Amino acid sequence: FYAGLLDEVALWSTDVSGDIATIYNSGIPNNLNDSSNVSTAPVNWWRMGDNDGGSGTTISDQGSSPQDGTLTNGPTFSSSVPS
């Protein structure tokens, strides 16, 4: 159980700690599947509604080994950004 907001959750199969500046691009994440930057491509990447229209109960995995997620217990989509 997690009572909070999540966005852009990604998992890698290798250590990407040296690529953090590239991945987060000063607070505006780059496209993690950009073929010009293959070293940072995640195995799984759930954009939390950004590519699913912000509705429904399935979160599409945009990673290289797709495992879609199913939303349960009435989660809601939010476009607000916490301060």
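That block above? That's the structure.
Below or above, wherever it landed, is the structure these notes cover. (Residues numbered from 1 in each chain as written. Predicted model: local features only at pLDDT ≥ 70, side-chain atom pairs only at ≥ 80, totals over all residues. Heavy atoms only, no water.)

Regarding the overall build of the protein chain
Going by this rule: We count a stretch as a helix when DSSP gives it H or I for four or more residues in a row; a strand needs E for two or more, and each element gets its number in order from the N terminus. The rule is simple: take the accessible area with a 1.4 Å probe, protein chains only, and divide by the maximum for that residue type; under 20% is buried, over 50% is exposed, in between is partly exposed. Contacts were defined at the residue level, with two residues in contact if any of their heavy atoms lie within 4.5 Å. Methods summary: accessible areas were calculated by the Shrake-Rupley approach with a probe of 1.4 Å, and residue burial reflects only the protein chains presented.
Secondary structure summary: the protein chain contains 1 helix and 4 strands in total. The linear arrangement of helices and strands in the protein chain, starting from the amino end, is β-α-β-β-β. Here the protein chain holds 83 residues, and 17% of them are scored as buried. Restricting the contact set of the protein chain to residue pairs at least 6 apart, pairs at least 24 apart contribute 31%. When the accessible area of the protein chain is evaluated, it comes to approximately 5,900 Å², of which 51% is carbon and sulfur surface.

Notes on unusual backbone geometry
A positive phi angle is found at Glu8, which is not glycine, with a value near 55 degrees. With a phi angle near 65 degrees, Asn73 is a residue other than glycine that sits in the positive phi range. The topology assignment puts Asn73 in the segment after strand 4 (69–70).

Here we look at the pattern of salt bridges
Under the convention used in this document: Counted as salt bridges are all cases of a side-chain nitrogen of Lys or Arg within 4 Å of a carboxyl oxygen of Asp or Glu.
In the structure shown here, the tally under the stated rule is 1 salt bridge. Residue Arg47 is joined to Glu8 by a salt bridge in which the shortest nitrogen-to-oxygen separation is 3.3 Å. Of this pair, Arg47 sits in the loop between strand 2 (44–46) and strand 3 (58–59) while Glu8 sits in the segment before strand 1 (9–11); the two residues are 39 residues apart in sequence, bridging distant segments of the chain.

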